[in-house]
Each structure stands twice: as C-alpha cells, then as structure tokens.
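Per-entry structural report
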Amino acid sequence: MNGEVAEMLGTEGFLELAGIAGVFVGFGALIAVRSGGASDAFEVVHVRLVVWIGMLTVVAALAPVTLGPYGLGEHLVWVLSSVIVVAVYFGMGIVNVRMPELKADAVSDRRSQVREAAFSLVVAVPVLVAIIVILLGLRPDLDAALYRTILVLLLVGAGGTLLELVYSQRRPASA
C-alpha cells in the first residue's frame, strides 16, 4: 500500500476500530454462553444485536483497508466500502428478522421498543445519510470523514445495545 493511500485510509485507525468492535463481539458472545445461554427473548435478541453490530463494524472497518491496495481511486474505495456495509447490514438483518425471538421480544416490552426506536433513529439515520452522500458522490472531499463517522456510529450502536442488555439483567420473567 503506498503512503498516500495508507494516509487516506488511516489504516491504523481503522484496524483499531475493528479491534474495538471485536471487543463488543466478544462481550456479546461471553454473555451468550454464560450460565447456559440467554434466558429470554429480550436477552437473545440483544446479544445477537451486539454481536451483529460488532461484526458489521469489523467488516466496515476492514473494507477500505482491504480495498485500498488495489489501486482504486479514493472515492471508489469509499463507495465500494459503503456498498459492502449496506450488503452486510441487509444480509444480517434478513437473517435476524426471521428469528422467532425477535417477534417474541417485540410483543413483550413496549417501553423497550420506544427506547430502541429512538436510539436507532439517532444512530441509523445519520449512518444512512452518510452512506447516501458517499454513494451519490455529493461531497467526495468528505468521504473519509463520513465513513469514519459511520464506523463510530456503529460502535455507539453496539455499545448502546450492550448497555441496554446489561441494565436489563435480572428482569422479571414475563408470563
């Protein structure tokens, strides 16, 4: 990888973000296997979300580092990386919505749904806007900054989901 491309990508920064996201994946996996696994739909859904968002962040952080050495233009690296993020997001989302625990959790706690919807708007909408701006080439001078913002927001999403899970522990079992 030449020096210009490495500087453009901030390779070390992306690898560090991938490492942080890997910690979220590890925490999610640790919670999943403790005491024989998750106890209710809420916990199963949130553990999966922590792992899912963490893995999405790892993929997103490694995409530009992987694509950079191929001699692609800077904007094309950010576009292809954004396409990978969208593809992984929808692929994992399709798998997730087909899980029976998601439906069971949706019925069980309306207050949690409101908190999750509000938090998703704070994270998902800016991520979507940043991806659209990159894909449409509206501000190529901001592609790198927008992509880094996507990564940080994904980390915030994983952290928020993990926090919700931790604070919900020892919830009374639903009937």
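Residues numbered from 1 in each chain as written. Predicted model: local features only at pLDDT ≥ 70, side-chain atom pairs only at ≥ 80, totals over all residues. Heavy atoms only, no water.

**As for the nonpolar core**
The nonpolar side chains of a soluble globular protein tend to be buried with one another. Counting residues in each nonpolar core, the largest one holds 20 residues, and the members touching the most others are A60, V85, V127, I134, Y147 and I150. Secondary-structure elements contributing two or more residues to this core are α3 (41-67), α4 (74-97), α6 (110-136) and α7 (143-168). Here this core takes 7 residues from α7, the largest share from any one element. Counting 5 residues, the second-largest nonpolar core is a separate cluster that includes V45, W52, I53 and A158. (Core = buried A, V, L, I, M, F, W, Y, C linked by side-chain atoms within 4.5 Å. Buried < 20%, exposed > 50% of the residue type's maximum accessible area, 1.4 Å probe, protein only. Helix = DSSP H or I, 4+ residues; strand = E, 2+ residues; numbered from the N terminus.)

**Let's talk about the environment of S120**
Of note, S120 is situated in helix α6. For S120, a relative accessible area of 39% corresponds to the partly exposed category. C-alpha separation for the pair S120 and G157, spaced 37 residues apart in sequence, amounts to 7.6 Å.

**Focus: the packing of aromatic side chains**
One pass over the structure, following the stated rule, counts 3 aromatic pairs. On the basis of an interplanar angle of 40° and a centroid distance of 5.3 Å, the ring pair of W78 and Y147 is categorised as tilted. Here W78 is found in helix α4, whereas its partner Y147 is found in helix α7, with 69 residues between them in sequence. Look at Y147 and you get buried, because its relative accessible area is 0%. Chaining the aromatic ring pairs together yields one cluster made of W52, Y89 and F90. (Phe/Tyr/Trp six-rings, centres within 6.5 Å; stacked < 30°, edge-to-face > 60°.)

**Regarding the packing of α3 against α4**
Running from N to C, α3 and α4 cross one another at 160°; their axes reach a closest spacing of 9 Å. When the axis of α3 is compared with that of α4, the two are roughly antiparallel. Both α3 and α4 take part in a crossing whose hand is right-handed. Where α3 approaches α4, its residues R48, L49, W52, M55, L56, V59, A60, A63, P64 and L67 are matched on the opposing element by V77, W78, L80, S81, I84, V85, V88, Y89, M92, G93 and N96. Residue composition of the contact of α3 with α4, by class: 17 nonpolar, 3 polar and 1 charged. (Axes fitted to C-alpha atoms, helices over the stretch in contact; angles between N-to-C directions. Parallel < 35°, antiparallel > 145°, perpendicular 65-115°, else oblique. Left-handed = near helix turned anticlockwise from the far one by under 90°. Contact = heavy atoms within 4.5 Å. Nonpolar A, V, L, I, M, F, W, Y, C, P; charged D, E, K, R; others polar.)

**Comments concerning the side chain of T161**
Inspection of the secondary structure assignment puts T161 in helix α7. Residue T161 is classed as buried on the basis of its relative accessible area, which comes to 10%. A distance of 2.8 Å separates a polar side-chain atom of T161 from the backbone oxygen of G157. Setting aside chain neighbours within four positions, we find T161 in contact with H46, L49, V50 and I53. (Polar contact = N/O pair within 3.5 Å; in protein donor to acceptor, adjacent residues only side chain to side chain.)

**Section: the pattern of salt bridges**
Evaluation of the coordinates by the stated rule reveals 1 salt bridge. Of the charged contacts in the structure, one is a salt bridge between D141 and R139, with a shortest N-O distance of 2.9 Å. (Salt bridge = Lys/Arg side-chain N within 4 Å of Asp/Glu carboxyl O.)

**A closer look at α4**
Spanning 24 residues, α4 covers 35 Å between terminal C-alpha atoms, matching the ideal 34 Å at 1.5 Å per step. Those residues of α4 not exposed but buried are V77, W78, V79, S81, S82, V85, G93 and N96. (Expected span 1.5 Å × (residues − 1).)

**Some points on the confidence of the model for the chain**
Of all residues in the chain, 73% have pLDDT values of 70 or greater, and the mean over the chain is 78. Helix α1 (residues 3-9) is the least confidently modelled element of the chain, averaging 48 in pLDDT, while α4 averages 92, the highest of any element. For the stretch residues 1-6, pLDDT sits under 50, and the model shows 7 contacts to residues farther than four places along the chain or on other chains. (pLDDT = per-residue confidence, 0-100.)

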